[in-house]
Amino acid sequence: MNKKPVKIFCSYSHKDESFREELEIHASSLMREKLVEIWHDRKIMPGQNWEDAIDIHLEESEIVILLISPNFIASDYCYGKELTRALEKDASGHAKVIPIIIRPTDWSGAPFSKFQAVPKDGKAVTIWDNEDEAWLNVVQGIKKSVKEQIQSRGRSIQGKGLVTFQELISQEFNRLETLYEKKKNCNGIATGFDELDRIIDGIHRSDFITIAGRPSTGRTDFAINLAAHIALIEKGSVSYFSIKYPAEQISRCLTSTVSRVPSRDILRGTLRDHDWPRLTRALGMLSDSSLYIDDRANVTLSDIITQVQRNEKISVVIIDSIYQLAGNEKITESAISQKLRLIARDLNVAIIGLFPVSRDIENKWDKRPLLSDLGNWHCLEEDSDVIFFLYRDEIYNKTLDNPNRGLVELILAKNKYGPVGTIFFQYFPEKSLFYSFPEDEKTDRNDCVNEG
């Protein structure tokens with residue numbers, strides 16, 4: 001059994017501070033036995049960003065305690081923000097919510113009313129004849145939940161328990177056989193680009209992937225290529241949160257990518273006869289796919305969580321872009337990055353976040369981005385599982401004889417699944433289309449630049 005203390009987050013109104021102190025006094029035996037760690041906002045250190053601290057500890061919590069009173073109900077922060085996230089964590093199975101009724105209040109119909117409250121029968125602590133007896137009942141309820149949490153955690157860590165080497169070999173052989181039969185070169189969801197799949201092992205659920213680059217390098221178009229392949233070829237469900245562009249523009253780019261008809265022709269209606277069959281087929285494929293677009297400019301992390309929870313089949317979430325999302329949340333870059341990592345793991349989805357590289361890169365001699373060019377968002381280096389930058393040399397070298405015209409370099413800067421390095425792609429902006437270079441063409445890229 002895992003003896004690591006269960007992390008408890010205490011949500012309460014500061015007007016009920018004395019009750020929070022009473023809870024800690026009566027729960028001291030649980031803390032002394034190292035069964036629990038109780039965190040509340042009075043533990044925030046001087047100079048620490050209090051919103052970030054609350055968000056981080058709330059995300060890490062395994063049990064969320066609500067000290068229910070009229071003041072709690074009236075608090076926009078407790079009732080609105082902390083309670084909302086607690087309910088989301090409970091719905092995803094990553095935390096348990098325990099309401100403690102400390103003072104008489106009307107909580108029938110409240111979002112937390114579906115949970116078993118303590119003390120017994122939801123009778124407020126202050127109206128018990130003996131308040132010590134009420135707190136004893138509260139602590140006994142908490143202790144029971146803590147032990148269930150530890151047992152559950154132990155089962156998840158132990159998995160199947162002891163297994164023989166023969167069983168492990170059998171499992172591995174079955175996995176390899178499945179990959180061979182499906183002709184897949186990766187364990188994750190295929191991106192449609194064989195070399196990228198080989199290096200990052202595809203896109204894995206619970207991973208946080210960052211795609212970064214300067215404007216005009218094709219970040220959005222590359223994400224659209226990924227979304228189209230995953231939804232149409234891999235038959236996966238993709239949620240595309242477009243904070244930058246309206247849904248109509250993303251839809252038009254998707255149609256152009258799939259049909260190979262230039263988006264400007266689709267926009268203006270200047271179609272040729274042979275465009276119509278390709279366009280009709282592409283629209284039919286996209287209509288039948290599980291690809292969803294949300295273009296709200298003010299979308300928040302809570303909105304993303306809610307949308308994904310409503311559709312359990314979603315495997316990949318694309319956010320364009322993380323930078324704009326930060327403006328909607330009004331919290332630090334570090335908090336955004338950590339939340340995206342936690343959401344990916346909590347909801348078991350891959351999150352692909354697009355990010356604009358700092359303009360400071362323009363002052364460098366070699367303008368290929370590095371991890372240091374993430375600037376204030378250096379937290380992405382720690383929280384992302386995979387980071388790659390897109391670079392187009394022709395943006396800076398516009399001469400017609402530039403041998404890199406039409407090429408995009410995908411620079412893998414962080415890859416927990418293997419090596420880092422550079423992959424070359426052929427890019428057609430007018431069709432929002434990326435092509436991989438076949439192995440035998442990489443040594444003579446000039447032959448490919450003007451194709452298409």
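Please refer to the structure higher up on the page.
Residues numbered from 1 in each chain as written. Predicted model: local features only at pLDDT ≥ 70, side-chain atom pairs only at ≥ 80, totals over all residues. Heavy atoms only, no water.

A. How the structure looks around the sheet that holds strand 9 (residues 350-356). Spatial ordering of the open sheet is given by 7-6-8-9-5-10-11-12-13, a layout of nine strands whose pairing is mixed. Edge positions in the sheet fall to strand 7 (291-294) and strand 13 (433-436), since each has one partner strand and no second. Along the sheet, successive strands turn relative to each other by an average axial angle of 25°, direction set aside. As paired strands, strand 6 (residues 237-242) and strand 7 are joined by four bridges and run parallel to one another. Residue pairing across strands places F241 opposite D294, the latter belonging to strand 7. Most of the contacts of helix 13 (residues 301-310) go to strand 8 (residues 314-320), to which it runs at about 155°, and overall it touches strand 6, strand 7 and strand 8. (Pairing = 2+ DSSP bridges. Helix = DSSP H or I, 4+ residues; strand = E, 2+ residues; numbered from the N terminus. Axes fitted to C-alpha atoms, helices over the stretch in contact; angles between N-to-C directions. Contact = heavy atoms within 4.5 Å.)

B. Inspection of the environment of T306 at higher detail. Structurally, the position occupied by T306 is in helix 13. Spatially, the C-alpha atom of T306 lies 7.9 Å from that of E88, the residues being 218 residues apart in sequence. A polar atom in the side chain of T306 sits 2.9 Å from the backbone oxygen of S302. (Polar contact = N/O pair within 3.5 Å; in protein donor to acceptor, adjacent residues only side chain to side chain.)

C. Quick peek at the sheet that holds strand 1 (residues 6-11). One open sheet accounts for four strands, arranged 2-1-3-4; its pairing is parallel. Two strands close off the open sheet at either side, each with one partner strand: strand 2 (36-39) and strand 4 (96-101). Across this sheet, the average inter-strand angle for adjacent strands is 25°, counted without regard to direction. Sheet topology note: the strand 1/strand 3 (residues 63-68) ladder contains four bridges and is parallel. Counterpart to C10 in the pairing with strand 3 is I65. Helix 1 (residues 17-26) contacts strand 1, strand 3 and strand 4 of the sheet and is inclined by roughly 135° relative to strand 3.

D. Representation of the packing of aromatic side chains. The tally for this structure, following the rule as stated, stands at 14 aromatic pairs. Ring plane angle 85° and centroid distance 6.5 Å describe the contact between F72 and F112, whose orientation is recorded as edge-to-face. Placement of the pair is F72 in helix 4 (residues 70-74) and F112 in the loop between strand 4 and helix 6 (131-158), with a sequence separation of 40 residues. Overall, the relative accessible area of 0% leaves F112 in the buried class. Taken together, F193, F222, F388, F425, Y427 and F434 form an aromatic cluster joined through their ring pairs. A cation sits over an aromatic face here: K367 above Y396, 5.7 Å from the ring centre. (Phe/Tyr/Trp six-rings, centres within 6.5 Å; stacked < 30°, edge-to-face > 60°. Buried < 20%, exposed > 50% of the residue type's maximum accessible area, 1.4 Å probe, protein only. Lys NZ or Arg CZ within 6 Å of the ring centre and 35° of its normal.)

E. Region of the structure containing the packing of helix 5 (residues 76-91) against helix 13. Running from amino to carboxyl end, helix 5 crosses helix 13 at an angle of 30°, the nearest separation of the two axes being 11 Å. Looking at the two axes, helix 5 sits roughly parallel to helix 13. Pair helix 5 / helix 13 crosses with left-handed handedness. Within the contact between the two elements, helix 5 uses R85, E88 and A91 and helix 13 uses S302, I305, T306 and Q309. Of the residues contributing to the contact of helix 5 with helix 13, the split by class is two nonpolar, three polar and two charged. (Parallel < 35°, antiparallel > 145°, perpendicular 65-115°, else oblique. Left-handed = near helix turned anticlockwise from the far one by under 90°. Nonpolar A, V, L, I, M, F, W, Y, C, P; charged D, E, K, R; others polar.)

F. Main features of the pairing of strand 4. Burial within strand 4 is extensive, with five of its six residues counted as buried. In the sheet, strand 3 pairs with strand 4 via six bridges, with the strands oriented parallel. Bridge assignment links V64 to a residue of strand 4, and that residue is V97.

G. Fine view of the pattern of salt bridges. Going through the model one piece at a time under the given rule, you end up with 26 salt bridges. The salt bridge partner of E195 is R198, with a shortest N-O separation of 3.7 Å. One end of the pair is E195 and the other is R198, both in helix 8 (residues 194-200) and three residues apart, which spans about a single turn. With a relative accessible area of 19%, E195 lands in the buried category. Via salt bridges that share partners, E17, R20, E24 and R42 belong to a single interconnected network. (Salt bridge = Lys/Arg side-chain N within 4 Å of Asp/Glu carboxyl O.)

H. Expanded view of the nonpolar core. One finds F222, V316, I318, I352, F388, L410 and L412 to be the most contacted residues of the largest nonpolar core, which totals 41 residues. The element best represented in this core is helix 9 (residues 219-233), accounting for nine residues. The contact partners of V316, leaving out residues within four places of it in the chain, are I189, I203, I230, S237, V238, S239, A350 and I352. Core analysis: the next-biggest nonpolar cluster, separate from the first, contains 35 residues, I305, I343, A344 and Y391 among them. (Core = buried A, V, L, I, M, F, W, Y, C linked by side-chain atoms within 4.5 Å.)

No statement about biological role is implied by the geometric values presented.
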